[in-house]
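# Descriptive structure summary
Each chain is listed here by its residues.
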Amino acid sequence: MKSAYKEIRQVSGKITHKYPQINTITDNERIGMVKEVFSTITGKYDFLNHLLSLRRDIAWRRFAIKKMNFPRTQKFLDVACGTGDLSIGAAVHWPGVRVTGVDFVSEMVQVGKNKVAQRNLAGRITLLQGDALQLPFNDDSFDVTAMAFGIRNIPDRAQALKEMLRVTVPGGQVMVLEMTFIQNRFFKLFYYLYLNYLLPGLVKIFSRNPAAYHYLADSIMNFPPPAAFARIMEDVGMARVKKYPLTFGITYLFAGEKP
């Protein structure tokens, strides 16, 4: 199926440098667009993440990993695992834990598998292609289920959170690490300019699909405010949801428990 991006290029008769805004397309169109975006940026994905966040993404994942607890199954599920950074980080920090990662973009999964093999962690980390809305695991399977920088790309966030909750053991943790549009009025304008102008300009130097980073900026700006997202987690059944602002609120860690 053609992506919304490709269809717009054909209809307009010229190459556009942006994907359509996510609030102007259907959920199915957005899913196809997300798959195209991430399948075309795998080669420089890790490098650009570190560069454009000034390597803060490493610290944000490390913070989340340190908040994890593994009292029962000693198993961790990384949903929308991408190239496996959270999976690898958790396996290194928690040497007794077995890790499973799931992502629906096969190109991302393959890059992750290569990284796992290079770190000699293939015996403890398994990466699979799969759908966050229909996780292929039994109920109550993991002590911790987490998603890093993926929930904003999923239109049906409530269903993804329900699935994460389903596969987590009672008393276990559900974590979401996600970038948000900063609310501090002193930094808001700078952050807007960075996301929409400086970031895409830098990406043009390195990526064969710089338009992907216009989409990523749009997805950050359209993500719910932290309090609203925490309520979504509570509405699907999570208890004791906590919010941890990181780097002036550019990123938040949301952590809830399964009753």
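These lines cover the structure that appears in this document, whether it is placed above or below. (Residues numbered from 1 in each chain as written. Predicted model: local features only at pLDDT ≥ 70, side-chain atom pairs only at ≥ 80, totals over all residues. Heavy atoms only, no water.)

## Details of the pairing of strand β1 (residues 75-79)
Where we set the bar: When a residue's accessible area, from a 1.4 Å probe over protein chains only, is under 20% of the maximum for its type it is buried; when over 50% it is exposed; and in between it is partly exposed. Each helix corresponds to a stretch of at least 4 residues labelled H or I by DSSP, and each strand to a stretch of at least 2 residues labelled E; elements are numbered beginning at the N terminus. Two strands pair if DSSP finds at least two bridges between them. When the strands point away from the viewer, a crossover counts as right-handed if the path from the first strand over the helix to the second runs clockwise.
In terms of residue burial, β1 counts as a mostly covered element, since four of its five residues are buried. Note that β1 and strand β2 (residues 98-103) share five bridges and pair parallel. Bridge pairing in β2 places Lys75 opposite Arg98. Viewed along the sheet, the connection from β1 through helix α5 (residues 85-93) into β2 turns out right-handed. Pairing geometry for β1 and strand β4 (residues 142-148), over four bridges, is parallel. What sits directly across from Asp78, in β4, is Ala146.

## Thoughts on the nonpolar core
Nonpolar side chains in soluble globular proteins generally cluster together in the buried interior. Defined as follows: Each nonpolar core is a collection of buried residues, namely Ala, Val, Leu, Ile, Met, Phe, Trp, Tyr and Cys, held together in the definition by side-chain atoms within 4.5 Å. By definition in these notes, contact holds between two residues if any of their heavy atoms fall within 4.5 Å.
Among the nonpolar cores identified, the biggest contains 53 residues, and Phe38, Met68, Phe76, Ile125, Tyr191, Leu195 and Tyr215 are the most heavily contacted of them. For Met68, the residues in contact, after removing those within four places along its chain, are Phe76, Ala90, Trp94, Val144, Ala146, Gln173 and Met175. By size, the runner-up hydrophobic cluster in this structure holds 26 residues, among which are Met147, Ala160, Leu161 and Tyr252.

## Considering the packing of aromatic side chains
Short version of the rule: Only Phe, Tyr and Trp rings are paired, with Trp represented by its six-membered ring, and only when their centres lie within 6.5 Å; those with planes under 30 degrees apart are stacked, over 60 edge-to-face, the remainder tilted.
Using the criterion set out here, one finds nine aromatic pairs in the structure. Measuring from ring centre to ring centre gives 4.8 Å for Phe229 and Phe254, while their planes differ by 65 degrees; the resulting arrangement is edge-to-face. Of this pair, Phe229 sits in helix α10 (residues 226-235) while Phe254 sits in strand β7 (residues 251-257), and the two are 25 residues apart along the sequence. With respect to class, Phe229 is no different from Phe254; both count as buried. Clustering of aromatic rings is evident, with ring pairs tying together Phe223, Phe229, Tyr252 and Phe254.

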